[in-house]
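Results of the structural survey
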Amino acid sequence: MVSRRNFLRAAVSLAAAGACGGLVRPARASALPLRLSWYPYELKLRHLFGVAGNSRTTTQGVQVRLEYEGITGYGEASMPPYLGESAASVQEFLSRVDLSPFRDPFEMEAILDYVDRIAENNAAAKASIDIALHDLVGKLIGQPWYRIWGYSAEKTPATFYTIGIDTPEKVTEKTKEAPAFPILKVKLGRSPKEDKEMVTAIRSVTGRAIAVDANQGWPEKTLALDMIEWLAEEGCVLVEQPMSKHRPDDIAWITARSPLPIMADESLQRLWDIPVLSGVFSGINIKLMKCTGMREAKKMITAARTLGMKVMIGCMTETSCAISAAAHLSPAADWADLDGNLLIANDPFDGAGVSETGKLLLPDRPGIGAVPKPDAPGEHAVG
Ligand code: MG
């Protein structure tokens, strides 16, 4: 198909050359191809990050660059261990990507369909190319993605600020130190006693709204509903993934009775999951690293809205590269949980920011608007 397309382009170019005496710009097909490169980059967390089931101090990442005619698009894959990808698997996937048949980066659907078909899964690896391609095309257009998509930068929500699982004393301390964002996010999903201690510790410091992520931790639906009713009285605004993704009937039972919206995270990966989740959850938490990137995330927002579902844009531990990419979608979301870059100590990018009150500030630069800091690594990019 591709060689036939190039043949046709060459034929059109030759015809044009004949028609105007040879004075014709080289056909697009002769332009420099897309050049993909990458390097592993381990993210160092400011604090030990704890959720129900595990805790860690680093996250594996891979930084990606896509160059075309002297312009560089930046992308990123971030791999928390529980999702099955690693820096090694992402680099192995990237080494299989052959973009040489593609001569025009604006063929985003064809390029990203090809990338998606290389192998199943590998969502973060695919997202790294998707983000770099969006960045590149936005730069070629000369506009930031929120504008290309028709969103208003004024409509960004405030991001949540996460307080990880810890002792009541530490939680009190962390809450006192937390920036003045309107919604704090807490990781629950342990025993009712421990969960209530954590919320009570936050309430000893502030009356701010709380978003709860149970990370599938509650074992039984009536226990979960009791907790959710208590959390509603404590000023919580939503509950994410109250029970295992393998218990959709129990989650639907909870959602039907819950005073708070119940959001899907672990139950959701890609666009095709959404119809099944309608009626089970109130809404979805979209993450670029799970859904293969900006292209699919945009489609997921449309699908969720069509089904009357709430939308939240979330993240993994990521640098300002992937966070900026996700932030361009945030004007279309009810909530944003995009504090991943605030939690790392070695962010190599400047990108989307936050105001003192947590409102996401979209960069006006073209593309995703993330630029490497002067001391960022990358000169030794390989691949
Ligand atoms: Mg979650």
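The coordinates are above.
A brief report on the enclosed structure follows. (Residues numbered from 1 in each chain as written. Predicted model: local features only at pLDDT ≥ 70, side-chain atom pairs only at ≥ 80, totals over all residues. Heavy atoms only, no water.)

**Let's talk about the overall build of the chain**
Looking only at helices and strands, the chain features 13 helices and 16 strands. The proportion of buried residues among the 383 residues of the chain is 54%. Looking at the chain as shown, the accessible area adds up to about 16000 Å², and 54% of this sits on carbon and sulfur atoms. (Helix = DSSP H or I, 4+ residues; strand = E, 2+ residues; numbered from the N terminus. Buried < 20%, exposed > 50% of the residue type's maximum accessible area, 1.4 Å probe, protein only. Areas by Shrake-Rupley, 256 points an atom, 1.4 Å probe, with all protein chains shown as cover.)

**Details of the coordination of the magnesium ion**
The protein atoms that coordinate the magnesium ion are Asp 213 (OD), Glu 240 (OE) and Asp 265 (OD), at distances of 2.0 to 2.2 Å. All donor residues of the magnesium ion come from one chain, and their arrangement in sequence is D-x26-E-x24-D. Taken together, the residues Glu 240 in strand β8 (residues 236-240) and Asp 265 in the loop between β9 (262-264) and α10 (274-277) connect sequence positions 25 residues apart. (Donors = N, O, S within 2.8 Å, 3.2 Å for Na, K, Ca; no water.)

**Some points on the pairing of strand β7 (residues 209-213)**
Counting buried residues in β7 gives four out of five residues, a clear majority hidden from the surface. Bridging between strand β6 (residues 183-187) and β7 involves five bridges; their strand directions are parallel. Bridging from a neighbouring strand, Lys 185 pairs with Ala 211 of β7. At this point the chain moves from β6, through helix α7 (residues 192-203), to the parallel β7, and the crossover so formed is right-handed. Here β7 runs beside β8; their pairing, made up of four bridges, is parallel. (Pairing = 2+ DSSP bridges. Right-handed = clockwise from strand over helix to strand, strands pointing away.)

**Points about helix α2 (residues 87-95)**
Regarding α2, the residues found buried are Ala 87, Val 90, Phe 93 and Leu 94. Projection of α2 onto a plane perpendicular to its axis shows the buried side chains occupying an angular sector of 130°, all on one side. (Arc of directions from axis to C-beta.)

**Some remarks on α7**
Each α-helix winds once per 3.6 residues, and so residues spaced three or four apart point in a common direction. With twelve residues, α7 extends 16 Å between its outermost C-alpha atoms, agreeing within 8% with the 16 Å of an ideal straight helix rising 1.5 Å per residue. Among all positions in α7, only Asp 195, Met 198, Val 199, Ala 201 and Ile 202 are buried. Down the axis of α7, the buried set is contained in an arc of 155°. They therefore lie on one face. If you follow the buried residues of α7, they end up packed against β5 (161-163), α6 (168-177), β6, β7 and α8 (221-233). (Expected span 1.5 Å × (residues − 1). Contact = heavy atoms within 4.5 Å.)

**Focus on the packing of aromatic side chains**
For any pair of aromatic rings, the description consists of the separation of the ring centres together with the inter-plane angle of the planes. One pass over the full model with this rule turns up five aromatic pairs. An angle of 45° between the planes, with centres 5.6 Å apart, marks the rings of Phe 102 and Tyr 114 as tilted. Of the two residues, Phe 102 sits in the loop between α2 and α3 (108-117) while Tyr 114 sits in helix α3, which places them twelve residues apart along the sequence. Seen from their ring centres, Trp 149 and Tyr 151 are 6.1 Å apart, and the 55° between their planes marks the pair as tilted. (Phe/Tyr/Trp six-rings, centres within 6.5 Å; stacked < 30°, edge-to-face > 60°.)

**Re the side chain of Asp 347**
Relative to the helices and strands, Asp 347 is located in the loop between β12 (335-336) and β13 (349-350). Notably, Asp 347 is buried but unbridged: the nearest opposite-charge side chain belongs to Lys 373, and the N-O separation is 5.0 Å. Within the structure, the side chain of Asp 347 is placed 2.5 Å from the side chain of Ser 320, a separation counted as a polar contact. Of note is the side chain of Asp 347, whose polar atom sits 3.0 Å from the backbone nitrogen of Phe 349. (Lys, Arg positive; Asp, Glu negative; His and termini not counted. Salt bridge = Lys/Arg side-chain N within 4 Å of Asp/Glu carboxyl O. Polar contact = N/O pair within 3.5 Å; in protein donor to acceptor, adjacent residues only side chain to side chain.)

**Brief notes about a nonpolar patch on the surface**
Together, Phe 106, Ile 141 and Ile 148 give the surface a local cluster of nonpolar side chains, amounting to about 240 Å² of exposed area. Within the secondary structure, Ile 148 is located in helix α5 (residues 145-148). (Patch = residues over 30% accessible without salt bridge, like charges linked within 9 Å, V, L, I, M, F, W, Y side chains within 5 Å.)

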